[in-house]
Amino acid sequence: MLKRRLFTPGPVPVPSRVRQAMAQPILNHRAADFLPVFERCRKGLQRVFQTESPVVILAASATGAMDSAVSNMLSPGDHALVVRGGKFGERWGEICASYGVRTTCIDVEWGRAVDPAAVERALETAPDIRAVYVTASETSTGVRHPVREIAEVVRRGGDRLLAVDAVTAAGVYDLPMDRWELDVVVSGSQKAFMLPPGLAFIGLSERAQRFMGTATCSRFYFDLGAELKALPKDQTSWTPAVGLLMGLDESLKIILEEQGLEETWARTEELARVTREAMCAIGLELLAPDAPSPATTAVRVPDGVEGPAFRKYLRDELGYTLADGQDSLKGKVFRIAHLGYFDRFDTIAAIAAIEMALIANGHDAPPGEATRLAVELLSK
Ligand SMILES: *Cc1c(COP(=O)(O)O)cnc(C)c1O
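A short tour of the structure in this document, coming up. (Residues numbered from 1 in each chain as written. Predicted model: local features only at pLDDT ≥ 70, side-chain atom pairs only at ≥ 80, totals over all residues. Heavy atoms only, no water.)

### So, helix 2 (residues 35-49)
Turning to step 1, where the next piece is worked out: Counted at 1.5 Å a residue, the expected span for helix 2 with its 15 residues is 21 Å, and the 21 Å between its end C-alpha atoms agrees.
Turning to step 2, where the next piece is worked out: Three or more residues of helix 2 are buried, namely Val37, Phe38, Cys41, Arg42, Gly44, Leu45, Gln46, Val48 and Phe49.
Turning to step 3, where the next piece is worked out: Buried-residue contacts for helix 2 involve strand 2 (55-59), strand 9 (184-188), strand 10 (199-204), helix 9 (242-259) and helix 10 (261-281).
Turning to step 4, where the next piece is worked out: Following helix 2 by one or two positions, Gln50 adopts a phi angle in the positive range, close to 55°. (Helix = DSSP H or I, 4+ residues; strand = E, 2+ residues; numbered from the N terminus. Expected span 1.5 Å × (residues − 1). Buried < 20%, exposed > 50% of the residue type's maximum accessible area, 1.4 Å probe, protein only. Contact = heavy atoms within 4.5 Å.)

### A closer look at the pattern of salt bridges
Turning to step 1, where the next piece is worked out: Under the defined criterion, the tally for this structure stands at 27 salt bridges.
Turning to step 2, where the next piece is worked out: The partner of Arg42 in a salt bridge is Asp234, and the shortest N-O contact between them spans 2.6 Å. Note that Arg42 is positioned in helix 2 and Asp234 in the loop between helix 8 (224-230) and helix 9, a separation of 192 residues in sequence. Accessibility classification places Arg42 together with Asp234 in one group, the buried group. (Salt bridge = Lys/Arg side-chain N within 4 Å of Asp/Glu carboxyl O.)

### Focus: the packing of aromatic side chains
Aromatic ring pairs: the centre-centre distance and the angle between the two ring planes describe each pair.
Turning to step 1, where the next piece is worked out: Overall, the coordinates contain nine aromatic pairs when judged by the stated rule.
Turning to step 2, where the next piece is worked out: For the ring pair Phe7 and Phe342, a centre distance of 4.6 Å and an interplane angle of 25° mean the geometry is stacked. Of this pair, Phe7 sits in the loop between strand 1 (5-6) and helix 1 (16-22) while Phe342 sits in the loop between strand 14 (333-337) and helix 12 (344-360), and the two are 335 residues apart along the sequence. Like Phe7, the residue Phe342 is buried in the burial classification.
Turning to step 3, where the next piece is worked out: Seen in terms of ring centroids, Tyr221 and Phe222 are 4.9 Å apart; in terms of plane orientation they differ by 75°. Their pairing is edge-to-face.
Turning to step 4, where the next piece is worked out: Here a set of aromatic residues connected by ring pairs shows up, and it is made of Phe220, Tyr221, Phe222 and Trp238.
Turning to step 5, where the next piece is worked out: Positioned above the aromatic ring of Tyr173 is the side chain of Arg144, whose terminal nitrogen or guanidinium carbon lies 3.8 Å from the ring centre. (Phe/Tyr/Trp six-rings, centres within 6.5 Å; stacked < 30°, edge-to-face > 60°. Lys NZ or Arg CZ within 6 Å of the ring centre and 35° of its normal.)

### Some thoughts on a nonpolar patch on the surface
Turning to step 1, where the next piece is worked out: A surface patch of nonpolar side chains, about 340 Å² in accessible area, is lined by Phe220, Tyr221 and Trp238.
Turning to step 2, where the next piece is worked out: Relative to the elements of secondary structure, Tyr221 occurs in the loop between helix 7 (206-212) and helix 8.
Turning to step 3, where the next piece is worked out: Using a relative accessible area of 36% as the deciding quantity, one classes Tyr221 as partly exposed. (Patch = residues over 30% accessible without salt bridge, like charges linked within 9 Å, V, L, I, M, F, W, Y side chains within 5 Å. Areas by Shrake-Rupley, 256 points an atom, 1.4 Å probe, with all protein chains shown as cover.)

### Things to note about the layout of surface pockets
Turning to step 1, where the next piece is worked out: As a volume, the largest pocket reaches approximately 340 Å³.
Turning to step 2, where the next piece is worked out: As for the largest pocket, its lining consists of 15 residues, of which Pro13, Tyr341, Phe342, Asp343 and Asp346 are closest to the centre.
Turning to step 3, where the next piece is worked out: Among the elements of the structure, strand 1 and helix 9 are those that each provide at least two residues to the lining of the largest pocket.
Turning to step 4, where the next piece is worked out: Residue composition of the lining of the largest pocket, by class: seven nonpolar, two polar and six charged.
Turning to step 5, where the next piece is worked out: A domain-level breakdown of the lining of the largest pocket finds at least three residues from each of domain 1 (5-11 + 260-378) and domain 2 (16-257). (1 Å grid on protein atoms, 1.4 Å probe; cavity = no way out; pocket = protein on both sides within 12 Å on 5 of 7 lines; lining within 4 Å. Points joined across faces, edges and corners; volume = space filled by probe spheres on them. Nonpolar A, V, L, I, M, F, W, Y, C, P; charged D, E, K, R; others polar. Domains from an automatic or database assignment.)

### A few points about the site of the ligand
Turning to step 1, where the next piece is worked out: In the neighbourhood of the ligand, 13 residues make up the surrounding shell, with Ser61, Thr63, Thr139, Asp165 and Lys191 lying closest.
Turning to step 2, where the next piece is worked out: Separating a nitrogen atom of the ligand from a side-chain N or O atom of Asp165 is a distance of 2.6 Å.
Turning to step 3, where the next piece is worked out: Taking Lys191, its side chain carries an N or O atom lying 2.7 Å from an oxygen atom of the ligand.
Turning to step 4, where the next piece is worked out: Here the ligand loses 89% of its free accessible area of 390 Å² to cover by the protein chains.
Turning to step 5, where the next piece is worked out: Residue assignment for the shell around the ligand shows that the elements contributing at least two residues are helix 3 (62-71) and helix 4 (87-98).
Turning to step 6, where the next piece is worked out: Tallying contributions element by element places helix 3 first for the shell around the ligand, with three residues.
Turning to step 7, where the next piece is worked out: Here the shell around the ligand is composed, by residue class, of four nonpolar, six polar and three charged. (Near = heavy atom within 4 Å. Polar contact = N/O pair within 3.5 Å; in protein donor to acceptor, adjacent residues only side chain to side chain.)

### Some points on the packing of helix 10 against helix 12
Turning to step 1, where the next piece is worked out: In contact at an axis separation of 10 Å, helix 10 and helix 12 are set at 20° when each is read in the N-to-C sense. Overall, the two elements helix 10 and helix 12 adopt an arrangement that is roughly parallel. Judged by the twist between their axes, the crossing of helix 10 over helix 12 is right-handed. On helix 12, the residues touching Leu271, Thr275, Ala278 and Met279 of helix 10 are Arg344, Thr347, Ile351 and Ile354.
Turning to step 2, where the next piece is worked out: Counted by class, the contact of helix 10 with helix 12 contains five nonpolar, two polar and one charged residues. (Axes fitted to C-alpha atoms, helices over the stretch in contact; angles between N-to-C directions. Parallel < 35°, antiparallel > 145°, perpendicular 65-115°, else oblique. Left-handed = near helix turned anticlockwise from the far one by under 90°.)

### A closer look at the packing of helix 9 against helix 10
Turning to step 1, where the next piece is worked out: Helix 10 packs onto helix 9 with a crossing angle of 100° between their chain directions and a minimal axis gap of 6 Å. One element, helix 9, and the other, helix 10, form an angle in the roughly perpendicular class. Residues Ile255, Leu256 and Gln259 of helix 9 touch helix 10, and the partners they reach there are Leu261, Glu263, Thr264 and Arg267.
Turning to step 2, where the next piece is worked out: Looking at the contact of helix 9 with helix 10, its residues break down into three nonpolar, two polar and two charged.

In structure tokens, the structure reads:
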């Protein structure tokens, strides 16, 4: 028997309670019994985003919300600053380009966090920059960028929009939208929300709503102005993903009421820290040792081990699906998820599986060393 275990930083496993909630008979989205479900979802999302501002729910993967964060905020020819240090930072740049938004890009080495001083310099050099697009937790490299410091820099100079890809930060660690004055905050269902893919969330500050008033990029499906009109009535412009919202209602109950948001952050952080220590204990190197995100840990495949064979062994012989590196990191790193529905024993077992697969694929380390450390660190 081989149990399948999913350890990718999205999609993540879905708790059986949430799957059961989604298996209930589908409600009509205009019917009275659906409205309280939607209301609890939109209010719960505000708590996870730590904002009094509205959080729009879209039937899309998270990239849909990123797309809307450009098309609804800017006009063709506007100038935007994009921080690129991985796949998702690059995506901001690609979306801007597709709408004819001019970009200045800060390129950060993959595995490193951006220096807020570089953002400051870029803004001083080009005072016409209207919006800054950053990634909080760069899932492709496992880096956590300093959003708070970037926000301070952006807020110092003029009326600029700050849009944050918080897809693997919301519900993962403390990223208070209102307190840090973030204008646009984006996330998606298949990350810390422990749901299947298919919902995107986008928080919109007052400044963001003001920018929406003048933005002329073309848009139809992702018209956030129309969504904001429908939202207070617990409605959406188009048919919402009813089944996923029934699941979101349940997962928000787990996150906010049963576990607590801060406890969720603390658990995720601890699993990430222990994983990093366990990997280093058997001679492995982290891709992002200086600024690790607790959402996922990217580990370099050690010399002498073939990345693809190692991941294939994990999947086919041990049942573990881990994420590969992307682009130039393909086959060179593997990524372990910590966000969402993982507990201590999931993490201990994943570390054991990684260790077994490494040794089976030629890595020289005493069996059980990383697992023993994980058990020790997670015993309390
Ligand atoms: C997963 C992810 C996305 C995009 O998600 P899709 O749901 O595939 O559109 C964007 N940014 C980050 C940081 C992510 O981890």
